[in-house]
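Read off the chains here:
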Amino acid sequence: MTFQKIIIALMAVTLFACKSNNEKQNLQNGNMENISMPADSIVGKYWILQSFRDQKISNSNNSEQKIGFQLHDKANRVTGFGGCNNFKGIYTSGARNQIHFSQLGSTKMACPDTPFNEAKFLAGLERVGYFTLKNGRLELMDGNELLMAVFKEAGKNGYSAKGNQTNNPEIVEKYWKLKSLAGNEISMEDDQEREIYFTLKTQENRIVGFAGCNNFSGQYSLEGQNKLQVEKMVSTLKACPHLKFDERKFLKLFDKQISYSLKNDVLTLKTEDGTEAVFEAVYFD
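Criteria and thresholds
Residues numbered from 1 in each chain as written. Predicted model: local features only at pLDDT ≥ 70, side-chain atom pairs only at ≥ 80, totals over all residues. Heavy atoms only, no water. Helix = DSSP H or I, 4+ residues; strand = E, 2+ residues; numbered from the N terminus. Buried < 20%, exposed > 50% of the residue type's maximum accessible area, 1.4 Å probe, protein only. Contact = heavy atoms within 4.5 Å. Areas by Shrake-Rupley, 256 points an atom, 1.4 Å probe, with all protein chains shown as cover. Pairing = 2+ DSSP bridges. pLDDT = per-residue confidence, 0-100. Disulfide = S-S within 2.5 Å.

Caption draft 1: The arrangement of the overall build of the protein in detail. Helix and strand content of the protein: 3 helices and 18 strands. A buried classification covers 43% of the 285 residues belonging to the protein. Restricting the contact set of the protein to residue pairs at least 6 apart, pairs at least 24 apart contribute 51%. Just so you have it, the protein exposes about 15,900 Å², and 49% of that area is on carbon and sulfur atoms.

Caption draft 2: Seen up close, the pairing of strand β10 (residues 175-181). Buried residues dominate β10, accounting for 5 of its 7 residues. Sheet topology places β10 next to strand β12 (residues 197-201); 2 bridges connect them, and they run antiparallel. The residue bridging Trp 176 from the neighbouring strand is Phe 198, located in β12. Relative to strand β11 (residues 184-185), β10 runs antiparallel, the two sharing 2 bridges.

Caption draft 3: Unusual backbone geometry, seen in detail. In this structure, Glu 173 takes a positive phi of about 55° despite not being glycine. Tracing the sequence through the fold places Glu 173 in the loop between β9 (147-153) and β10. Of note, Lys 232 is a non-glycine position whose phi angle comes to about 55°, a positive value. Of note, Lys 232 is situated in strand β15 (residues 227-235). Classification of Lys 232 as exposed rests on a relative accessible area of 67%.

Caption draft 4: Structural detail: the confidence of the model for the protein. Put simply, the protein has an average pLDDT of 80, and 78% of its residues get 70 or more. The lowest-confidence element of the protein is helix α1 (residues 3-28), averaging 45 in pLDDT; the highest-confidence one is β10, averaging 96. Note on residues 156-167: pLDDT is under 50 here. Beyond four places in sequence and across chains, it has 30 contacts.

Caption draft 5: Quick peek at the state of the cysteines. Counted under the stated rule, the structure contains 2 disulfides. The disulfide that involves Cys 84 links it to Cys 111, with 1.9 Å between the sulfurs. Residues Cys 84 and Cys 111 are joined through a disulfide that is right-handed, its torsion about the S-S bond being 75°. Pair noted here: Cys 84 is in the loop between β4 (77-81) and β5 (86-93) and Cys 111 is in the loop between β6 (99-106) and α2 (118-125), with a separation of 27 residues, a long-range link. The class for Cys 111 is partly exposed, based on a relative accessible area of 27%. In this model Cys 213 forms its disulfide with Cys 240; the gap between the sulfur atoms is 1.9 Å. Handedness here is read from the sign of the S-S torsion; for Cys 213 and Cys 240, about 75°, the answer is right-handed. With Cys 213 in the loop between β13 (206-210) and β14 (215-223) and Cys 240 in the loop between β15 and α3 (247-251), this residue pair connects regions lying 27 residues apart in the sequence. The class for Cys 213 is buried, based on a relative accessible area of 7%. Numbered by order of appearance in the sequence, the disulfide-linked cysteines of the protein pair as 1-2, 3-4.

Okay, structure coming up:
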């Protein structure tokens, strides 16, 4: 080994030792900002927005859902709520606290009474480049490492409980399109007004949807062990003899308590008699 190579090797060892000592000192002092950490340190938790570009966020709207997001380790998915609409997309992470959000899409509900600028928030997420984490406080910074948003840890979801209700941000406020019923695939008929779907709205715990011929609505509650209960169902009274789909069979799904399961934006409802209905989440760009 030449003298020059020996000098380079010694310099590399010295730099590594300095970095290790600095990070050790940061840990001892509780200073996490200067320590490189993987994105999996923030995966699996719902992060509630506290401030965005120096604007404090009260999160005190009528909805139980809180503005924020959650990272899912499978397929590097991100889902969240922007103040009016649910959104989803992809995240990627790298060394030294790098994180990037892309392919963000959201539902298209209109909320004229919501003061928070949801579009600006989502556009800001796509400019995020780094994060820091300390004592449950998550900070997102843009590509120039300027502070953009502050979040606090909220456990598994961003909701407040009402009584024995367990809210699930993966289920509510989403457009669930029917894919199959009792093992039979469902496709939209030529003369059908629109596709069959339902949505669980957090405001007043309302369920709304379309059953093939008629619109319907009611009250719902989400309970422990993935249970869905629907009550006070009403529907319009149109007659559609030209349609083959059995609308009554679909609406009877909601007559009794339903168990549900969710995997990769596919929701399965199962009644006590074993009838299954499969839905997929639809996001509107």
